[in-house]
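Coordinate inspection notes
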Amino acid sequence: METTKVVTLKPIEATPSNFKDYGQVVEPCPNCQEYGPQDAQLDLTQGNPRFYIMHLENCTLEFSCMTHHASVTQCLGPVGDHVWYLGVAKSSMIDSNEIKDNTGKKIVQSSCGHSYVPPDIEHVQVFKFAGPKFLMLNRGTWHAGPLFKGDTMDFYNLELSSTNVSFSPSLSLANWPVSCILVHLQCSLLNLGIILFCRHV
C-alpha cells in the first residue's frame, strides 16, 4: 500500500538552543576561551576517527531516505560561506530495558545490533544553516542531507572510519516500515513546502 502525506514547514534557522534535541550548533569563540559545554561534546570512542572534506554534488532540496549513526557524534560544517539545509528527527534508539517494557512500539533490530523505533514523519524538521558555524549530531539522530541550492558544496566531516560501512542507509531502510521518504522543499520567501511520500512495506 502506498500513501502520500503533505506537510508544510517553515525552515528553522539553526541556533544552539533550538537544535539541542538533535545535537549542537557550534559557533565561533575567542581563541583563548577554555573548553566548555559550548564546544562539541564528541563521542569518538567506538572506532577510529575520520576527519575529511566531503565533496557533494547535486544535493537538491529533497531527500528520499533518512539515516542515523548509532556509534558516533557526526560533525558537519561547510567549506566557505554558504547556506545549506538538513532534515532531522530525534534519536529513536532504545535499550534492552525499553524493549522488555514495550507497549506497542514498532521496534526494528538494525544490522549493526542496536534497536530503534522508526521516527514518525510528523517529527521531521528542516533546519537552515548560514554563517560561520558547524553542527554536531547526537548519536542516533536521524538526518538527511546536507541539502543546498547550488551544484556542489564541500563539507568538513568528522565521523568514524567505519561510519559509512557499518550503517548504510540502503541496508537500514530495507527493514524500516517506511521504506522511502521523499521530502521536496519548495522555496519561497516565507517557507519551504515539504511533501513526503511514504511507501509502506
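Structure first, text after, so check above.
Calculation notes
- Residues numbered from 1 in each chain as written.
- Predicted model: local features only at pLDDT ≥ 70, side-chain atom pairs only at ≥ 80, totals over all residues.
- Heavy atoms only, no water.
- Helix = DSSP H or I, 4+ residues; strand = E, 2+ residues; numbered from the N terminus.
- Polar contact = N/O pair within 3.5 Å; in protein donor to acceptor, adjacent residues only side chain to side chain.
- Contact = heavy atoms within 4.5 Å.
- Pairing = 2+ DSSP bridges.
- Axes fitted to C-alpha atoms, helices over the stretch in contact; angles between N-to-C directions.
- Salt bridge = Lys/Arg side-chain N within 4 Å of Asp/Glu carboxyl O.
- Buried < 20%, exposed > 50% of the residue type's maximum accessible area, 1.4 Å probe, protein only.

What about the side chain of Thr163?
Position of Thr163 relative to the elements: it lies in helix 2 (residues 163-166). Engagement of the side chain of Thr163 in a polar contact is seen with the backbone nitrogen of Leu160, the distance being 2.9 Å. In this view, Thr163 contacts His69 and Val72; residues no more than four positions away in its chain are not counted.

Some words on unusual backbone geometry
Across the junction of Gly145 and Pro146, the peptide omega takes the value 10 degrees, indicating a cis bond. Within the secondary structure layout, Pro146 lies in strand 13 (residues 142-147). In the Ramachandran plot, Asn58 falls in the positive-phi region, its phi being about 55 degrees despite a non-glycine side chain. Topologically, Asn58 is positioned in the loop between strand 4 (49-57) and strand 5 (62-63).

What about the sheet that holds strand 4?
A sheet is described by the order of its strands in space; here five strands give the open sequence 3-12-6-14-4, paired in antiparallel fashion. Sheet topology places strand 3 (23-26) and strand 4 at the edges, where each strand pairs with a single neighbour. The sheet shows a mean angle of 20 degrees between the axes of neighbouring strands, taken without regard to direction. Direction of pairing for strand 6 (residues 75-78) relative to strand 14 (residues 152-160): antiparallel, over a ladder of four bridges.

Side note on the pattern of salt bridges
One pass over the structure, following the stated rule, counts two salt bridges. Among the salt bridges present, the one from Lys90 reaches Asp21, with a minimum N-O distance of 3.6 Å. Of the two residues, Lys90 is situated in the loop between strand 7 (84-89) and strand 8 (93-94) and Asp21 in the loop between strand 2 (12-13) and strand 3; the sequence distance between them amounts to 69 residues. On the basis of relative accessible area, Lys90 is assigned to the partly exposed category, the value being 47%. In this structure, Arg139 and Asp43 form a salt bridge, with 4.0 Å as the shortest nitrogen-oxygen distance. You can see Arg139 sitting in the loop between strand 12 (134-137) and strand 13 and its partner Asp43 sitting in the loop between strand 3 and strand 4, a full 96 residues away along the chain.

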